[in-house]
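# Reading the structure
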Amino acid sequence: MAKARTLAQVYRRFGEVDVAGTSPLYERVAVALSESEKALLAVESAPARKRHPTVILAALHDVALAGRAPALAAAYAAGDLDAAAGAAIDTLVRMTDEVVAVAVRRKPRADETGRCAVLYPAVAEAARRVGADAIGLIDVGCSAGLNLDVGRVGITYGNGQVLGDASSPVQFSASVVGERPLPARAMPEVVARVGVDADPVDVTDADAARWLRACLPPDQPERAAQLEAELALAATAPPTLLGGDAVEVLPDALARVPEGALPVVTTTWALSRLPLECRLRFLHRLDEAATDRAVAWVSVEGVGVAPAVPTMGDRHASGHSIIGVAVFRHSAVHAEAVGRCWSRGRLLAWRADS
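Everything quoted here is computed from the prediction, not taken from an experiment.

### Side note on the overall build of the chain
If you tally the helices and strands in the chain, you get 12 helices and 11 strands. Taking 20 Å as the expected radius of gyration for a compact globule of 354 residues, we find that the chain reaches 21 Å, a close match to that expectation. For the C-alpha atoms alone, the extent of the chain along its principal axes is close to 60 × 40 × 40 Å. Taken over 354 residues, the chain has a buried fraction of 52%. Sequence separation of 24 or more characterises 71% of the internal contacts of the chain that already satisfy a separation of 6 or more. Here the chain displays about 15100 Å² of accessible surface, and carbon together with sulfur accounts for 51% of that area. One way to put it: in the chain the 37 positive side-chain charges average out to a point 3 Å from where the 42 negative ones average out.

### Here's the deal with the nonpolar core
Counting 39 residues, the largest nonpolar core has I135, L137, Y157, M187, V264, V298 and L348 as its most contacted members. With 10 residues, helix α8 (residues 115-130) is the single largest residue contributor to this core. Ignoring anything within four residues of it in the chain, the contact list for M187 reads Y120, V123, A124, I135, L137, V150 and G151. Listed in part, the 37 residues of the second largest apolar core include L40, A84, A88 and M95.

### Re the environment of V295
Tracing the backbone through its elements, the reader meets V295 in strand β8 (residues 295-302). Remark: the alpha-carbon pair of V295 and V123, spanning 172 residues in sequence, is separated by 12 Å. Beyond its immediate chain neighbours, meaning those up to four positions away, V295 contacts L254, L262, P263, L286, A289, A290, A326, V327 and F328.

### With respect to the packing of aromatic side chains
In total, this model carries one aromatic pair according to the counting rule given. Here F282 and W297 contribute two aromatic rings whose centre-to-centre distance is 5.4 Å and whose plane-to-plane angle is 75 degrees, an arrangement assigned as edge-to-face. Here the residue F282 occupies a position in helix α12 (residues 276-289), and W297 occupies one in strand β8, the gap between them amounting to 15 residues. The pair formed by F282 and W297 is uniform in burial state, with each residue classed as buried.

### Points about the packing of helix α4 (residues 53-65) against helix α9 (residues 206-214)
Axes are the key here: two packed helices are described by the angle between their axes and the distance separating the axes. For the pair α4 and α9, interaxial distance at closest approach is 8 Å and the crossing angle is 125 degrees. For the element pair α4 / α9, the angle class is oblique. Note that α4 runs across α9; the crossing there is right-handed. On the side of α4, the interface is formed by V55, A58, A59, H61, D62 and L65, while α9 contributes R210, W211, R213 and A214. Of the residues contributing to the contact of α4 with α9, the split by class is six nonpolar, one polar and three charged.

### Looking at the environment of V102
On the secondary structure map, V102 appears in helix α7 (residues 96-105). For V102, a relative accessible area of 2% corresponds to the buried category. The spatial distance from the C-alpha of V102 to the C-alpha of D62 is 7.9 Å, given a sequence separation of 40 residues. Excluding residues that lie within four positions of it along the chain, V102 makes contacts with A59, D62, V63, R68 and W211.

### Brief notes about helix α11 (residues 246-255)
Considered for burial, the residues of α11 that qualify are A246, V247, V249, L250, A253 and L254. Down the axis of α11, the smallest arc covering the buried residues is 150 degrees, so these residues share one side. Of the surrounding secondary structure, the elements contacted by the buried residues of α11 are β1 (134-140), β5 (189-197), β6 (240-243), β7 (262-268), α12 and β8. The N-cap residue of α11 is D245: its side-chain oxygen and the backbone nitrogen of V247 are 3.1 Å apart.

### Topic: the side chain of R210
For R210, the position within the fold is in helix α9. Among the residues examined, R210 registers a relative accessible area of 14% and is labelled buried. A polar side-chain atom of R210 sits 3.0 Å from a polar atom in the side chain of D207. The residues touching R210, leaving out its near neighbours within four places in the chain, are D62, L65, A66 and R68.

### Topic: the packing of α9 against helix α10 (residues 221-236)
Packing of α9 against α10 brings their axes to within 10 Å, and their N-to-C directions diverge by 155 degrees. Classed by the angle they form, the pair α9 and α10 counts as roughly antiparallel. Remark: the crossing between α9 and α10 carries right-handed chirality. From α9, A209, L212 and R213 reach across to α10, where they touch L227, E228 and L231. Within the contact of α9 with α10, the residues separate by chemical class into four nonpolar, no polar and two charged.

The rules behind each value
Residues numbered from 1 in each chain as written. Predicted model: local features only at pLDDT ≥ 70, side-chain atom pairs only at ≥ 80, totals over all residues. Heavy atoms only, no water. Helix = DSSP H or I, 4+ residues; strand = E, 2+ residues; numbered from the N terminus. Rg over C-alpha atoms; globule rule 2.2 N^0.38 Å. Buried < 20%, exposed > 50% of the residue type's maximum accessible area, 1.4 Å probe, protein only. Contact = heavy atoms within 4.5 Å. Areas by Shrake-Rupley, 256 points an atom, 1.4 Å probe, with all protein chains shown as cover. Lys, Arg positive; Asp, Glu negative; His and termini not counted. Charge placed at Lys NZ, Arg CZ, Asp CG, Glu CD. Core = buried A, V, L, I, M, F, W, Y, C linked by side-chain atoms within 4.5 Å. Phe/Tyr/Trp six-rings, centres within 6.5 Å; stacked < 30°, edge-to-face > 60°. Axes fitted to C-alpha atoms, helices over the stretch in contact; angles between N-to-C directions. Parallel < 35°, antiparallel > 145°, perpendicular 65-115°, else oblique. Left-handed = near helix turned anticlockwise from the far one by under 90°. Nonpolar A, V, L, I, M, F, W, Y, C, P; charged D, E, K, R; others polar. Arc of directions from axis to C-beta. Polar contact = N/O pair within 3.5 Å; in protein donor to acceptor, adjacent residues only side chain to side chain.

Structure (structure tokens):
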């Protein structure tokens, strides 16, 4: 009973705190699950690491999207909070094995939309510093590799600047703070796009793409529409995906960038999942690859997470991230903090001279 009460508290807190104000539907469903003994017993049948609301709710959503829980799907589509709560409990209790199987097979995927808005000017700046007119993008911790389409999207910023392809079916917006404008230059031609992830998601696989949709709350249509556009764009020219440990796979990824093109490695909130020793080994891999040609690294990480990138005196866990541009060449590295960003790149401040 003590364990059940603890799980109930987790689900109640998720509803009343974590998604409060952002997803009324999940707020109602999570609280309802916390109050249902049968639902909590069903959740407890999953391995401990798979019992969190983000996993179970995504698994329920996946089952609904797959057409195997029509009542739940209908309640979600209608936005009926009470009906959704009842259907979620019923689905979880009746289809426990199926829901748990999805939860065990998959891992939660963070919302990736919006990162291109912060990556585009930083990648263009990295290319400028090396004088590159062609680049190969390598995204570490890529998930489905949506960041690799940064050169194929359009971005409108709150200060009036527009970067990228204004005719692209994928359009982003972001706010800019501070007096310094973003660099106005365009990214050079992207001749290779390689994603590295422990468990990469192939957007051409229907089940895998559905899971990405399932990880979004059903009552956030704008985010869902943005993801659909990104998935459709990625499917027209899928990137090369390499599965495995990032540090070990990185040399293979770098080797896939043709001679004459600058390899640009990107990490967006990926290094915090690695211990410091692995982050330092990652840095060493970049240095090793820069013996015969320059290699650039664009990092968007929490304060102090990216080795060698200055923190500008900012405090750790301060609520924002630092945009770093590092160039490795001839066993030397020049790293600079070119800006700060908030809300996963939806708000940024540029500080570097360009």
